[in-house]
Amino acid sequence: MTMPGPIRARSDAANWLVEADEPLAGLQLRCGGRMPGLIAIPALLALVRKARRARLPLSRMIVAVDEGRSISAWVSVRPTADLTYIEASQWRPTGDVQPVAELTPDEDLLRQLSEGEILLDAEQRVLAAHLRASDLQDLSLALQDGIGRFWTDFIRLDRAGQKQPLHWRLLDDAKFTAPGSMRRWHARILPQVGGGFELLVIPESIERLPHELPDTVTTHPAWNTLLGRDLAPALRQPITRIIANAETIRTRLAGPLAEEYASYATDIAEAGRHLMGLIEDLADLEAVESADFSPAPDRIDLADCARRAVGILSVRAKESGIEVDCPAADESAPAIGEFRRVLQVLLNLLTNALRYTPAGSKVRLGVGVEGRTAWISVADQGEGLTEAQAIRVFDKFERLGRSGDGGSGLGLYISRRLAKAMGGDLQVAPTPGQGACFILTLPADLAEEAAFQNDERSLTR
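Residues numbered from 1 in each chain as written. Predicted model: local features only at pLDDT ≥ 70, side-chain atom pairs only at ≥ 80, totals over all residues. Heavy atoms only, no water.

**Topic: the packing of helix H8 (residues 302-312) against helix H10 (residues 339-356)**
Argument step 1. Their axes nearest at 9 Å, the elements H8 and H10 cross at an angle of 50°. The angle between H8 and H10 places the two elements in the oblique class. Judged by the sense of rotation from one axis to the other, the crossing of H8 with H10 is right-handed. Residue-level inspection shows Leu302, Asp304, Cys305, Ala306, Arg308, Ala309, Val310 and Ile312 of H8 in contact with H10, the latter providing Phe339, Val342, Leu343, Leu346, Leu347 and Leu350. (Axes fitted to C-alpha atoms, helices over the stretch in contact; angles between N-to-C directions. Helix = DSSP H or I, 4+ residues; strand = E, 2+ residues; numbered from the N terminus. Parallel < 35°, antiparallel > 145°, perpendicular 65-115°, else oblique. Left-handed = near helix turned anticlockwise from the far one by under 90°. Contact = heavy atoms within 4.5 Å.)

Quick look at the structure:
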């Protein structure tokens, strides 16, 4: 039974639940927590921690276990310096406990880029919405007044003639315009446990500057637009479903299963993830080698990008027994580059560092500004690279003789192409036996850096 009205709660800076309406307060106690006490609902605690790390309001569907049954709710959290304000809606039981897939780095990156989320039922009708961008407030009001209608009733799709009902896969990645906004948007639709969908509202750019960066990428017309435009969106969701079903079989949630078949399911899931990564890499390859590829010159902070990348991969680092040092909250390195693409490069570099660094060691991220150049480094304590390897490591499909590591050999090639397209570069020095240190450089945002230095001087007076 869906609970009427919003359920409100507050947590403090230590993530202790200090106040909560029912049934959230009761669930906190049944999960082994106390009032007040550390948030005992794992999905809620993860969302609150992520919001406090990013210092941004976040919303998403969460699933919790309540005495052997699963409960789903749409939860919005808004962090402040001392408190985090929590609001839950659409609270309802969803049946027996079901597997909840861990967010992939790609999905977490999409959430970082999103400027709003819309909760949909199984027929894509609006249940709730949380839109943060100022130019989406007209859409937000319309959605609130139009609960129960198709989400496509409130926007204008780029593709004419698209009328509901449509299969959600046909609308995933669809581009649209919204009332009151001059920007163009696209929708990423994520199926939810227990039915329904979460729609992420993602802008095509963040903060465009009046000038354009030079396009330094030369064209190699070896790929057409078939993969990125048509095949990748069509393949993404079927492969995701294969992975989810394989994980259900592997964990025996569908019933007893012989060990050998659970092992087969594990192999299927891993093969599905490898295929998904290859599809995404090939789509990116097509994009960066396109004649009209031009990243958006956003105003970004490399230190902030580093902290976000570390937050996205923090669970993986902990599972690998690797400590990650990232720039402190008061560090800043203003730069010009497309936020989404810079974060993509950092996630690739950090993923590689975690993959090839032994347990018990450290990965360090550093940032700085030197003259007209801003830089960020990712240094690990792995085997490092020889001079010959340092030359080859950025080649297309180059894996340096490694096999079975799940890589496609395209990540560093694409990352360097992206860096050059944004007016910078990606380099690594040959340091065999001393770990690898990759350095991404971008044009510095000189106006922002001057303002930051002035603020620093004012604080030290």
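**A look at the pattern of salt bridges**
Argument step 1. A full pass over the atoms with the stated rule returns 15 salt bridges.
Argument step 2. For the salt bridge of Arg10 with Glu19, the shortest nitrogen-to-oxygen distance reads 2.5 Å.
Argument step 3. Among the residues examined, Glu19 registers a relative accessible area of 40% and is labelled partly exposed.
Argument step 4. Salt bridges linked by common partners bring Glu323, Asp325, Lys362 and Arg364 together as one network. (Salt bridge = Lys/Arg side-chain N within 4 Å of Asp/Glu carboxyl O. Buried < 20%, exposed > 50% of the residue type's maximum accessible area, 1.4 Å probe, protein only.)

**Here we look at the pairing of strand S4 (residues 58-66)**
Argument step 1. Most of S4 is tucked away: 8 of the 9 residues are buried.
Argument step 2. Examined bridge by bridge, S4 and strand S5 (residues 69-79) share 9 bridges and lie antiparallel to one another. By the bridge assignment, Val65 is partnered in S5 with Ser70. (Pairing = 2+ DSSP bridges.)

**Remarks on the sheet that holds strand S14 (residues 323-325)**
Argument step 1. The strand order S14-S16-S17-S19-S18 describes an open sheet built from 5 strands, whose pairing is mixed. The strands lining the two open edges of the sheet, one partner per strand, are S14 and strand S18 (425-428). For this sheet the average axis-to-axis angle between neighbouring strands, irrespective of direction, equals 15°.
Argument step 2. By the bridge criterion, 3 bridges tie S14 to strand S16 (residues 362-370) in an arrangement that is parallel. Bridge pairing links Glu323 to Lys362 in S16.

**Regarding the sheet that holds strand S11 (residues 184-191)**
Argument step 1. A sheet is described by the order of its strands in space; here 6 strands give the open sequence S8-S7-S12-S11-S10-S9, paired in antiparallel fashion. Only two strands of the sheet have a single partner each, and these edge strands are strand S8 (126-131) and strand S9 (156-157).
Argument step 2. As paired elements, strand S7 (residues 116-120) and strand S12 (residues 197-203) share 4 bridges and run antiparallel to each other. Along S12, the bridge assignment pairs Leu119 with Glu198.
Argument step 3. Strands S7 and S8 of the sheet are contacted by helix H4 (residues 137-145), whose axis makes an angle of about 155° with S8.

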